[in-house]
Amino acid sequence: MTATTAPTTTLTLPEPDPAPDRDLLPRRAVSPWLLLLPVGILLALLPPVITGAAILAAAAAAVLLARPRWALYLLALTVPYQSGFRLGEASISLDIALGQVNVSVTEGVVLLLLVGWLTQIAAGRAPRPALTPLVGAAAFLLTGLALSALVATDLALAAKELLKWVELAAVYLAGTSLLQTREQRRTLALWLLAAAFSQALVGLLQSFARIGPEHFLIGGVIMRAYGTFEQPNPFGGYLGLHLPLAVSLVCFGLAAGRSRRIGFVVVAVIGFALLITLSRGAWTAQVVALLIVVLAGSRSARHLVMTFGVLGLIIGVAVWPILPAELTARAVSVVSSVVDLGSVQDAAITPDNWAVMERQSQWYAGWQMFSANPLLGVGIGNYNAAYDDYRLDQWPVALGHAHNHYLTIAAEAGLVGLTGYIAFLVVAFRSAMQAVRTHRRLGDREATAVALGILGALAAFATHNLFDVMFVHGMGVTVGLLLALLYVPPSVANPTAPSTLPGAASRWRGAPQTIKTITTDEERSA
């Protein structure tokens, strides 16, 4: 009998789990709000005034980033008030000093505008800017100015001056993209006029209350208005950019009623404030600008001006010999001072001719800079840096420019920069005239008047720059805003074309549009 062996069962105990890896354990996420803790502590330690201002600035920045079009509107207001506000002893400064450069609130708003606008383009919520002839002219000018920076001795001054032109180009590009409707362009025009109107009120208050430096008080009677620009000449230049727009709207754009009455008040206030700046450059520029607006806007006005202009010229020639010698000598000196710069070297300086001689001395220095460096100049923005090498001995103080923007550009950027600057002005004038023709064809009186006003503003800018430099105090941004108003979107120039607004169905598609036909002689010329 065979013995059998019972099967044995092996009991296997489960092995204990290895020790848990701490790196594999889920960790509790850190709240991102804790990142704001240092900011909160800092705000708590700061004085309440600074804390409140910081919170308001942050909130405003967030709004402008989300609504970059509002930044365009705000820029119209920041330009005149970018240095703050001063009235007698009371003053508020908005500048921030970074080394040798002051950063104003205008630069901050321009930066927010660009960030918000480019973000909207990336998200498909704003159309890309059109490559208009003005964009090409601005690029050509910026290239010439940048080339002149290669020979600059002070790169900080060169960068500061280049930034002004970059801001102008950036504001124009953003404006052509963001201002797509008639209402949006009208809103910007109203903001521009409101800012100028407020500045005119400041100037009138300064004059009537005699608030200002002693040397602004003329004859012990009239205090020259200077606004927040610290000087009457740039203040007059700023008002001169807006008065043609207001006059054009009142004469050719606004229907009879409340709007036109308000327009008359705006014209009167801005015009009177410009008058009491006592700036001869601003006066001359405004005469040229308003003549262009009236002549381009009305055929009847052209006939009247031609008739009375020829008659006035004949009368002037006839009575010239019997005019007072003081008057004729002053008129002759204005012309001779331009063509005879050599006489300033030996002329005696008196209290009566000091202002004229100072201007001539700066013209002399600017011409010497250009003559010695005809191709690229002394470097954009480097007029002051090079002044000592080209000045007259009796005039040791540089004024920052040659009292003539064309001569200043030639001195700083040579023929390359001057060519670009003149080309930019020519294209700007051409764009304004093209906008006038387009809006007339469409029968839009208000838009035509706005384009006419901007044509006048460009004429004032170009004329005043013969006697001074208006590219100061952020006025380049104002010029950029005015140029943006000249852009006619395709949906406006061709109403039957599909809308270019992203994400929106064309309201023109499938519906034939009727363009108003101009029939009367006055409307053809208005």
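Per-chain numbering applies: the sequence of each chain, read as written, is numbered from 1 onward. Confidence filtering applies because this is a predicted model: local features only for residues at pLDDT of at least 70, side-chain atom pairs given and counted only at 80 or more, and all residues used for totals across whole chains, interfaces and linings. To get the side-chain values, take all heavy atoms of the structure and skip hydrogens and water.

1. Quick notes on the pattern of salt bridges
One speaks of a salt bridge when a side-chain nitrogen belonging to Lys or Arg is within 4 Å of a carboxyl oxygen belonging to Asp or Glu. For the structure shown, the criterion picks out five salt bridges. Across the pair E446 and R182 runs a salt bridge, and its minimum N-O distance is 3.9 Å. On the criterion of sequence distance, the pair formed by E446 in helix α16 (residues 445-464) and R182 in helix α7 (residues 182-208) is long-range, its members being 264 residues apart. For D388, the salt bridge is made with R391, and the minimal N-O distance between the two is 3.3 Å. Only protein chains enter the accessibility calculation, which uses a 1.4 Å probe; a residue is then buried when its area is under 20% of its type maximum, exposed when over 50%, and partly exposed in between. We classify D388 as exposed; its relative accessible area is 56%. Taken together, the shared-partner salt bridges in this structure form one network comprising R182, R186, D444 and E446. Put simply, DSSP H or I for four residues or longer makes a helix, DSSP E for two residues or longer makes a strand, and each gets a number counted from the N terminus.

2. A look at a nonpolar patch on the surface
A residue counts toward a patch only above 30% relative accessible area and without a salt bridge, and it is joined to like-charged neighbours within 9 Å or, for Val, Leu, Ile, Met, Phe, Trp and Tyr, to nonpolar neighbours within 5 Å. Areas reported as accessible are Shrake-Rupley estimates using a 1.4 Å probe. Residue values count occlusion only from the protein chains shown. Residues L304, F308, L311, I315, V319 and I322 make up a contiguous nonpolar surface patch of roughly 600 Å² in combined accessible area. The residue V319 is located in helix α11 (residues 299-319) in this model.

3. Topic: the packing of helix α10 (residues 280-297) against α16
For the pair α10 and α16, interaxial distance at closest approach is 8 Å and the crossing angle is 150°. In terms of orientation, α10 and α16 fall into the roughly antiparallel class. Pair α10 / α16 crosses with right-handed handedness. For the pair formed by α10 and α16, the contact residues are G281, A282, T284, A285, Q286, V288, A289, I292, V293, A296 and G297 on the first element and L452, G453, L455, G456, A459, A460, T463 and H464 on the second. Lines fitted to the C-alpha atoms define the axes, with helices restricted to the stretch that makes contact. Angles between their N-to-C directions range from 0 to 180 degrees. Any angle between 65 and 115 degrees counts as roughly perpendicular, while under 35 counts as roughly parallel, over 145 as roughly antiparallel, and the rest as oblique. The sense of a crossing depends on the near helix, which, turned anticlockwise from the far helix by less than a right angle, makes the crossing left-handed and, turned clockwise, makes it right-handed. Here a residue-residue contact requires only that any non-hydrogen atoms of the pair lie within 4.5 Å.

4. Remarks on the nonpolar core
Remark: nonpolar core denotes a set of buried residues (Ala, Val, Leu, Ile, Met, Phe, Trp, Tyr, Cys) joined through side-chain atoms within 4.5 Å. Formed by 101 residues in total, the largest nonpolar core has its most connected members in F424, L481 and L483. The leading source of residues in this core is helix α15 (residues 405-442), at 13 residues. Apart from the residues within four sequence positions on either side, L481 is in contact with L72, L75, A76, V171, L188 and L192. The next biggest cluster of nonpolar side chains, apart from the first, holds 14 residues, and it includes V378, A386, Y387 and A402.

5. A word on the environment of A225
Within the element layout of this structure, A225 appears in the loop between β6 (222-223) and α8 (232-253). The buried category is assigned to A225, whose relative accessible area is 0%. Put simply, A225 and Q199 are 26 residues apart on the chain and 10.0 Å apart in space, counted from C-alpha to C-alpha. Residues contacting A225, with those up to four places away along its chain left out, are G203, Q206, P232, F235, A273, I276 and T277.

6. Quick word on the side chain of S361
With respect to the element layout, S361 can be found in helix α13 (residues 354-372). Side-chain atoms alone can form a polar contact between residues adjacent in sequence; in general such a contact is a pair of N or O atoms within 3.5 Å, and within protein one must be able to donate a hydrogen while the other accepts it. Of note is the side chain of S361, whose polar atom sits 2.6 Å from the backbone oxygen of E358.

7. Overview of α16
Helix span, as expected, comes to 1.5 Å for every residue beyond the first. Taking 1.5 Å of rise per residue, 20 residues should cover 28 Å, and α16 covers 28 Å from first to last C-alpha, within 8% of that figure. Among the 20 residues that make up α16, 19 are buried, leaving the element largely enclosed by the rest of the structure. The opening residue of α16 is D444, an N-cap whose side-chain oxygen sits 3.3 Å from the backbone nitrogen of E446.

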